[in-house]
Amino acid sequence: MEEKKSFGAAALEFASNNIVPILFVVICAVCIPLSGFSVSYLLNEIVTRMGRNIFLILCLLIPIMAGMGLNFAMTLGAMAGEIALIFVADWQIWGIPGVVLAMILQIPFSILLGLLCGSILNRAKGREMITSYIISFFLNGLYQLVVLFMMGPIIPIKHFSIKLPRGYGIRNTVSLLNMRQCLDNVFAVTIGGVKIPVLTFLIIAVLCLFIVWFRKTKLGQDMRAVGQDMEVARDAGIHVERTRLISIVISTVMAGFGMIIYLQNMGNIATYSSHSQIGMFCIAALLVGGASVDRASIGNVFLGVILFHTMFIVAPRAGAAITGDSMIGEYFRVFCSYGVITIALVMYETKKRRNKSKTAQELARAAAEETAKEAAK
Amino acid sequence: MSNAPLLEMRNIKKDFFGNQVLEDINLTLRAGEVLGLCGENGAGKSTLMKILFGMDVIRETGGYGGDILLDGEKVDFATPFEALAAGIGMVHQEFSLIPGFTATENILLNREPTKHSVLSEIFGERLDTLNHKEMDVRSAAAIEKMGVHIDADMTINSMPVGHKQFTEIARELSKEQLKLLILDEPTAVLTEKEAEALLDSIRGMSARGIAVIFITHRLHEILSVCSKVIVMRDGRVVQDCPAAETSVEEITRNMVGRNVETGGAQREVRDVSGFRTAMSIRKLWVDMPGETVRCVDLDVKEGEILGIGGLAGQGKLGIPNGIMGLYEAGGSVTFDGQEIPLGSPRRCLDASLAFVSEDRRGVGLLLDESLEWNVSFPAMQIQNKFLKKYLGGLVKWRDEKEIYAVTKKYIDELAIKCTSSKQKAKELSGGNQQKICLAKAFALEPKFLFVSEPTRGIDVGAKALVLESLRKFNRDSGVTVVMISSELEELRSICDRIAIVSGGRIAGILPATASSEELGMLMVSKVV
């Protein structure tokens, strides 16, 4: 009986399941004409930002698969990437070799941080998200200690351009001008005034293929099993803790790669703030794409990046056009990313509760049927 | 060696901290035999199976005595995985399935056939890709072996509950080394037709030479499929005979019938048919996991002690928990002519109902607080008792003197063993904690009291005292008491009438003078 839902009911269900993406499509549809940007400018910006950001967001998928929720601790990978880039900048190795060296260099850092984070999360099962969020704050402090005080006296940093004038610690901004967009510019093609960073997109494509392939491996299957029911997985002989640990390590290492791609596009490192907001914005973008705490796909990543960044680009101008104050747009986009995360968390809980009361409804229906049968007698 | 039985258990003994739960259990099982194992809850069936399956809980509580021989060789499984490797499979009462996976993925969970790839050479076997074709073939073979058709590509959470059960069975059958399969109440969740299919499937397994231990409360199933029957009671085997030589009546009698002499301590039983109806329950359903109540109609007479009995999982515990608002419930409940809204514990308490929960530590007690607090807290909270009012009631202070007095009174009355009334509740023994729970309810001075499993896990002496105090409370204050218990003898000793719950419904109400056989037959009458 339930199979034959009316079209209206089906549409309503679709809408309630995809409320966040729909909301953002509407916001973008309103703001784009108001901002007055040309189509080619918009496309150019979006394509650039896709290349910059998608890799970072993809790293969130694997912990979600393992049932560990949104990995706020991807910031750890970002820190590892930054430290590697600081070294490379100090050694004055630029261009593609610099990027590749930094990518190799960040791997041991992020594996170490991933192991640390993963083993803490294994002790906080069921509370992974808040725990990873706090870990990212804690390690931000550690990062500052290393970068601000240890780099110079303990860890050799020579080049004056990145050192603070006082002789130790790293400047607020480290310029990567000599490797700016060096990945993006390889094989870049321009179509209708839109520059497409072919190599970056190729790297992203390879990563997407990796994720698709990974889901089909034994490890991927184990992660999905662990993500859905740890106890059942354990009874079947799967090493639950180890599987969860691996998922966080993979995520952290990937976040490190992602951060290096991100920073080579930007052309500079804001030493003390680049990483701190990146986790929040990546998670918001993923959620805007329609992902939830326990389900996310590659499609969610692409849709999310396009919608979230379109809003990012047009909101300040649209805000200025409406109120005459461009700060309102700036405010709006920060407000939106926190808002989206809150909505996603609330929806996740309500969905869980709704599923729970389903059995109660069935019981009520059965009791009512019995009453009706008796009345018929 | 070929003459040795597949499984032999000799003189199995087990105690949980001095509490003997199994004594001298002997059983033998040959390849292809189907053994029906029955007994009331707490008879020791599950413990016996846990020992056989090498579950952690057995070792953690000090191991067991006696020998288990498999194919004539002594075995001692340290983990369930060793038991699995030796060819023992078990389908538990609770499903152990991954909800978002298909039947195939669940059947082959962690035993998936894989394909090698370049990356797995470098990073290890876990990066092999799954061989879905081979998986389909193997799961189809297992389903074929089971003989009941289920959709292999359907995900578990969209399956009817019976198919989940079959998926579990297929998973065990897909293990090639399987020699012995333990089915723990597999038909509990099946419809009539599905249960029939399962019985056929068991016959098929037996024909293939797989031995089956079949635990169920549906006795006619045992007679129709098993080759031999073992009945357990109080940790002993009381009947061991071929299925052809026994009957449902005999098994029931052996399951519940204790020695008539010890069970004869019956007190006065009042005829309550003339009493006024205090509470009437209509079409009650309760969504309490594991204790689902489906449709209960029940009238409780004023001033009586009504016992509610039944097997575990049939819904007897759901009734008080649903009425008192601890689990989601529906239907109508009227008390003293007034409708009691379901799902609101406060309104129940306001209507002078009280509840002593079976979950002493979780619901019943404030473990980290003193006995005084535990006894007086609900009365303080609900009825503003034990409070001194100042400034016309704006400021309320606890009346420590009165709290002390009332706690002292109950400590004396119920003979609660404690160092002082300031001792913390968690420091008391189980029996004394139970008495505190009762004191707490008594302090509320309710008109109507639900008592759920008041003697679970407490020793004989404390049991008698708890039951006696309940009886006294009923007789002296005229309070209506509804006592839920899985021990029939206990119900028969203090109740006026006994209602038996089976399959989430009231199977029948008998006076407490009814025989154990009559009550026992009701218990299994509607088991679902």
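Residues numbered from 1 in each chain as written. Chains lettered and ligands numbered in written order. Predicted model: local features only at pLDDT ≥ 70, side-chain atom pairs only at ≥ 80, totals over all residues.

Chemist: Sorry, what's going on with the overall build of chain A here?
Modeler: Secondary structure summary: chain A contains 15 helices and four strands in total. Its C-alpha atoms give chain A principal-axis dimensions of about 95 × 55 × 35 Å. Burial analysis of chain A (377 residues in total) assigns 42% to the buried set. In chain A, once contacts between residues fewer than 6 apart in sequence are set aside, the share between residues at least 24 apart is 73%. (Helix = DSSP H or I, 4+ residues; strand = E, 2+ residues; numbered from the N terminus. Buried ≥ 20, exposed ≤ 12 C-beta atoms within 10 Å, placed from the backbone. Contact = placed C-beta atoms within 7 Å.)

Chemist: Explanation requested: the overall build of chain B in the structure shown.
Modeler: Each helix and strand counted, chain B has 20 helices and 24 strands in total. Taken over the C-alpha atoms alone, chain B extends approximately 80 × 60 × 45 Å along its principal axes. Taking all 528 residues of chain B together, 45% fall into the buried category.

Chemist: What's the story with the domain arrangement of chain B in this structure? I'm lost.
Modeler: Where interface size is given, it is often the accessible area lost as the parts come together that is meant. Residue and element names in this part refer to chain B. Domains assigned within chain B are domain 1 (1–87 + 177–256), domain 2 (97–176) and domain 3 (261–352 + 446–523). The centre of domain 1, based on its C-alpha atoms, is set 32 Å off from the matching centre of domain 3. Each partner contributes residues to the interface: domain 1 has eight residues there, and domain 3 has nine residues. Across the side of domain 1 that touches domain 3, the residue classes break down as two nonpolar, four polar and two charged. (Domains from an automatic or database assignment. Nonpolar A, V, L, I, M, F, W, Y, C, P; charged D, E, K, R; others polar.)

Chemist: Sorry, what's going on with the sheet that holds strand E14 (residues 293–301) of chain B here?
Modeler: Working definition: the strands of a sheet are paired by backbone hydrogen bonds and lie parallel or antiparallel to each other. Residue and element names in this part refer to chain B. Ordered in space as E14-E13-E16-E17, the four strands form an open sheet in which the pairing is antiparallel. Taken across any chain shown, the strands that pair with only one partner, and hence form the sheet edges, are E14 and strand E17 (338–339). With two bridges connecting them, strand E16 (residues 329–335) and E17 associate as antiparallel partners. Residue pairing for E17: Thr334 is matched across the bridge by Glu339. (Pairing = 2+ DSSP bridges.)

Chemist: Help me understand the packing of helix H5 (residues 74–90) of chain A against helix H6 (residues 95–122) of chain A in this model?
Modeler: For any two helices packed against each other, the geometry comes down to the angle between their axes and how far apart the axes lie. Residues and elements named next belong to chain A. Here H5 crosses H6 at 145°, and the two axes come no closer than 7 Å. Classified by chirality, the crossing of H6 by H5 is right-handed. On H6, the residues that touch Leu76, Gly77, Ala80, Gly81, Ile83, Ala84, Leu85, Phe87 and Val88 of H5 are Gly98, Leu101, Ala102, Leu105, Gln106, Phe109, Ser110, Leu113, Gly114 and Cys117. Looking at side-chain class alone, the contact of H5 with H6 contains 13 nonpolar, six polar and no charged residues. (Axes fitted to C-alpha atoms, helices over the stretch in contact; angles between N-to-C directions. Left-handed = near helix turned anticlockwise from the far one by under 90°.)

Chemist: So what exactly am I meant to see when it comes to the interface of chain B and chain A here?
Modeler: Taken together, the 26 residues of chain B in the interface contact 22 residues of chain A. Within the residue set of the side of chain B that touches chain A, elements represented by two or more residues are strand E8 (129–130), strand E13 (277–286), E14 and E16 of chain B.

Chemist: I keep staring at the confidence of the model for chain B and nothing clicks. Help me out?
Modeler: When pLDDT drops low, the exact placement of atoms in the prediction is not to be read closely. This prediction gives chain B a mean pLDDT of 85; 95% of its residues lie at or above 70. For this predicted complex, the interface confidence score (ipTM) comes to 0.81, while the overall pTM stands at 0.77. (pLDDT = per-residue confidence, 0-100.)

Chemist: Got a minute to help me understand unusual backbone geometry in this structure?
Modeler: The phi torsion of most residues other than glycine is negative, and most of the peptide bonds are trans. Residues and elements named next belong to chain B. One non-glycine residue, Asp336, lies in positive phi territory at about 55°. Within the secondary structure, Asp336 sits in the loop between E16 and E17. Here Asp336 falls in the partly exposed class, since 14 other C-beta atoms lie within 10 Å of it. Look at Ala415: it is not a glycine, yet its phi comes out positive at around 50°.

Chemist: Teacher, can you tell me more about the sheet that holds strand E5 (residues 73–75) of chain B here?
Modeler: All names here are of chain B. The sheet built from four strands is open, its strands ordered E2-E1-E4-E5 with antiparallel pairing. Each edge of the open sheet carries a strand with a single partner, namely strand E2 (19–29) and E5. Taking each pair of neighbouring strands and ignoring which way they run, the sheet shows an average axis angle of 30°.

Chemist: What should I look at first to understand H6 of chain A in this one?
Modeler: Residues three or four positions apart in an α-helix share a direction because the helix packs 3.6 residues into each turn. Residues and elements named next belong to chain A. Relative to the 40 Å expected for 28 residues at 1.5 Å per residue, H6 spans 39 Å between its end C-alpha atoms, a close match to the ideal helical length. Bending of H6 peaks at approximately 30° at the position of Ile107, with proline Pro108 no more than four residues after it. Those residues of H6 that sit buried are Gly98, Val99, Ala102, Gln106, Phe109, Ser110, Leu113, Gly114, Cys117, Gly118 and Leu121. Those residues of H6 hidden inside the fold are in contact with H5, helix H7 (128–150), helix H8 (182–185) and helix H12 (240–266). (Expected span 1.5 Å × (residues − 1). Bend = angle between axes of the 7 residues up to and from the residue.)

Chemist: Which parts of the structure should I look at to understand the nonpolar core?
Modeler: Note on soluble globular proteins: their nonpolar side chains tend to be buried together. Ile57, Leu58, Leu60, Leu85 and Leu286 of chain A together with Val212 and Phe214 of chain B are the most contacted members of the largest nonpolar core, which totals 254 residues. For this core, the element with the most residues is H12 of chain A, which contributes 14 residues. Dropping the residues within four chain positions of it, Phe214 of chain B is found in contact with Val34, Leu35, Gly36, Leu37, Leu183, Ile202, Ile222, Val225 and Cys226 of chain B. (Core = buried A, V, L, I, M, F, W, Y, C linked by C-beta atoms within 7 Å.)

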